[in-house]
Amino acid sequence: MKPVPPATSLRRAPVQRRSAERLTRILDACADLLDEVGYDALSTRAVAQRAAVPIGSVYRFFGNKRQMVDALAQRNLERYTVRVTERLRRADEDGGWRTAMDVVLDEYLEMKRTAPGFSLVDFGNQIPVGARHAEPNHRVADRLTELLSGYLDREPDDDLRRVFLIAVETADTLVHLAFRVAPEGDRRIIDEAREMLRAYLARVLD
């Protein structure tokens, strides 16, 4: 089970601070508009207007809105990784994988509730732009394998990657169900998801 390579949606990577700031404004505007109008009504022109940049600046980075939303999903994954890493640094290591699992799930839930555009896009698997492969969840599993292997004192091998992929796929399905049932995520479904993950991971990680 080889790691999935990172998504590459940018036509051109920013090399100067000003370009990087402009790209940030474009993605921030994209996230806000996704919450306001949804994917179907999203347009590159509206993003340019919201970000206060020329339309040519949007097309310098992205060929279309799908590439722009893909880049937002990738940024979400990077920010999620940073948040999980920071929380794990402060966490009690004696909790082992149970502490790590709670951090991973709780940060995902927090981003679902608070990060602009995340409820629709998250890490890419919700983008309604035609057939999608399972690559976003594979990328999340790959990232968690790299991030947590040292914390768990385990080798980041295919077996651990498979364990995290199964956990990510399970959590993804149940969390999306919870947020379809209630805007902030149905607490009972989330609790059931947490117990299911604990039971599975206890069998393979204890």
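Residues numbered from 1 in each chain as written. Predicted model: local features only at pLDDT ≥ 70, side-chain atom pairs only at ≥ 80, totals over all residues. Heavy atoms only, no water.

A. Quick look at helix α2 (residues 44–51). Within α2, burial applies to Thr-44, Val-47, Ala-48 and Ala-51. Buried positions in α2, seen along its axis, are confined to an arc of 100° and lie on one side of it. Seen from the open side of α2, the exposed residues pointing more than 90 degrees away from its buried face are Arg-45 and Gln-49. Those residues of α2 that are buried are in contact with α1 (17–37), α3 (55–61) and α4 (65–90). Positive phi appears at Ala-52, one or two residues downstream of α2, with a value of about 60°. (Buried < 20%, exposed > 50% of the residue type's maximum accessible area, 1.4 Å probe, protein only. Helix = DSSP H or I, 4+ residues; strand = E, 2+ residues; numbered from the N terminus. Arc of directions from axis to C-beta. Contact = heavy atoms within 4.5 Å.)

B. Inspection of the nonpolar core at higher detail. Among the nonpolar cores identified, the biggest contains 37 residues, and Tyr-80, Phe-123, Leu-144, Leu-148, Phe-164 and Leu-201 are the most heavily contacted of them. At the level of elements, α4, α5 (96–114), α7 (135–152), α8 (158–181) and α9 (187–205) are the ones that each hand at least two residues to this core. Per-element accounting of this core gives the leading share, 10 residues, to α8. Setting aside residues no more than four positions away along its own chain, Tyr-80 makes contact with Val-104, Glu-107, Tyr-108, Met-111 and Phe-123. (Core = buried A, V, L, I, M, F, W, Y, C linked by side-chain atoms within 4.5 Å.)

C. Main features of unusual backbone geometry. A positive phi angle is found at Asp-122, which is not glycine, with a value near 35°. In this fold, Asp-122 is placed in the loop between α6 (118–121) and α7. By relative accessible area, which is 0% here, Asp-122 ends up buried. Positive phi is not limited to glycine here, since Asp-153 has a value of about 60°. Considering the arrangement of structural elements, one finds Asp-153 in the loop between α7 and α8.

D. Seen up close, the packing of α5 against α9. Following both chains from N to C, one finds α5 and α9 inclined at 150°, their axes separated by 11 Å at the closest point. It follows that α5 is roughly antiparallel to α9 by the angle criterion. Between α5 and α9 lies a crossing whose hand is right-handed. Where α5 approaches α9, its residues Trp-97, Arg-98, Met-101, Asp-102, Leu-105, Asp-106, Leu-109 and Arg-113 are matched on the opposing element by Arg-187, Ile-190, Arg-194, Leu-197, Arg-198, Leu-201, Ala-202 and Leu-205. Residue composition of the contact of α5 with α9, by class: nine nonpolar, no polar and seven charged. (Axes fitted to C-alpha atoms, helices over the stretch in contact; angles between N-to-C directions. Parallel < 35°, antiparallel > 145°, perpendicular 65-115°, else oblique. Left-handed = near helix turned anticlockwise from the far one by under 90°. Nonpolar A, V, L, I, M, F, W, Y, C, P; charged D, E, K, R; others polar.)

E. How the structure looks around α7. With 18 residues, α7 extends 24 Å from end C-alpha to end C-alpha; this agrees with the ideal 26 Å at 1.5 Å per step. If you look at α7, its biggest bend is around 30°, right at Glu-146. Looking only at α7, the buried set comprises Pro-136, Asn-137, Arg-139, Val-140, Ala-141, Asp-142, Arg-143, Leu-144, Thr-145, Leu-148, Ser-149 and Leu-152. Once α7 ends, the next one or two residues include Asp-153, with phi positive near 60°. (Expected span 1.5 Å × (residues − 1). Bend = angle between axes of the 7 residues up to and from the residue.)

F. The pattern of salt bridges, seen in detail. Scanning the entire structure with this criterion turns up 15 salt bridges. Between Asp-102 and Arg-198 there is a salt bridge, with the nearest N and O atoms lying 3.2 Å from each other. Residue Asp-102 is found in helix α5, and its partner Arg-198 is found in helix α9; the two are separated by 96 residues along the sequence. A salt bridge links Arg-198 to Glu-195, with the nearest nitrogen and oxygen atoms 3.2 Å apart. With a gap of three residues between them, Arg-198 and Glu-195 both fall in helix α9, about one helical turn apart. On the accessibility criterion, Arg-198 (28% relative accessible area) is partly exposed. Residue Glu-195 is classed as partly exposed on the basis of its relative accessible area of 45%. (Salt bridge = Lys/Arg side-chain N within 4 Å of Asp/Glu carboxyl O.)

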